[in-house]
Amino acid sequence: MCCCKCGIVTIVVLLNILVHLCGASILGLGVWAMIGDRSCIHEVIISNTHEAVLLVIVAGVVIMLTSCLGCYATCTESKKGIVSYSVFSLCVVTAQVIGCILLFVIYRSQVDRVQQQFNETCKEDQSVAEFNITQGMFQTFYYALSGATIFSVLCELVALLLIVCQYQDIM
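A.B. asks: For this particular structure, what's the right way to read the environment of leucine 65?
C.D. replies: Mapped onto the secondary structure, leucine 65 falls in helix H2 (residues 40-76). Note on leucine 65: relative accessible area 54%, which makes it exposed. Each C-alpha atom, one on leucine 65 and one on histidine 20, is 7.8 Å from the other, the two residues being 45 residues apart in sequence.

A.B. asks: What exactly am I supposed to notice about unusual backbone geometry here?
C.D. replies: If a residue is not glycine, its phi is most likely negative; likewise, a peptide bond is most likely trans. Non-glycine residue glutamate 77 carries a positive phi angle of around 55°. Residue position: glutamate 77 is located in the loop between H2 and helix H3 (79-121). Given a relative accessible area of 34%, glutamate 77 falls into the partly exposed group.

A.B. asks: Whenever I open this one, the nonpolar core confuses me. Can you help?
C.D. replies: Core analysis: the biggest nonpolar cluster contains 37 residues, and Val12, Ile26, Val53, Tyr85, Phe141, Leu145 and Ile163 have the highest contact counts within it. Elements represented by at least two residues in this core include exactly helix H1 (2-34), H2, H3 and helix H4 (128-166). Excluding anything up to four places from it in sequence, valine 12 contacts Thr74, Ala159, Leu162 and Ile163.

A.B. asks: Any chance you could explain the side chain of serine 152 here in plain terms?
C.D. replies: On the secondary structure map, serine 152 appears in helix H4. Under the relative-accessibility criterion, serine 152 is labelled buried at 0%. At a separation of 3.2 Å, a polar atom in the side chain of serine 152 contacts the side chain of glutamine 96. In this structure, serine 152 is in contact with Val19, Cys22, Ile63 and Gln96, ignoring residues within four places of it in sequence.

Quick notes on the rules
- Residues numbered from 1 in each chain as written.
- Predicted model: local features only at pLDDT ≥ 70, side-chain atom pairs only at ≥ 80, totals over all residues.
- Heavy atoms only, no water.
- Helix = DSSP H or I, 4+ residues; strand = E, 2+ residues; numbered from the N terminus.
- Buried < 20%, exposed > 50% of the residue type's maximum accessible area, 1.4 Å probe, protein only.
- Core = buried A, V, L, I, M, F, W, Y, C linked by side-chain atoms within 4.5 Å.
- Contact = heavy atoms within 4.5 Å.
- Polar contact = N/O pair within 3.5 Å; in protein donor to acceptor, adjacent residues only side chain to side chain.

Geometry only, nothing functional implied.
Listed below in structure tokens is the structure:
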């Protein structure tokens, strides 16, 4: 039993490390989007998605803190820590899923608006080819962010499932 318990603790810690890395990548993507190349098209895109990018940065930090709490609670086997981690992690997973859905909706609704603002404000500053390159970079940002979020959610849910199985008698 002790070997099984040690194995589950190790897996949960490794999953939390993966979640921490996902949080760091989400934070990095948010910072990159915020302080990009400062071209005219970048300013147009950020002006339409500024709040969403700030939420991405905050989400990255919260995910990283949650994973640290998970590692601490699992290693110390603290009842309060495990319960706190479980509740907080479920809230973070829910927020991530809602945020991913909102990001998808915002992204789809903003594409035409960004194209129109680009045509109005960046006529002499950038060519259409540069617009397509910058828009492609933001599409890559969107897909990388979605992928990191989905992977993070899956790792957190598996870690929570293992914690529940391991500590079901803690109450």
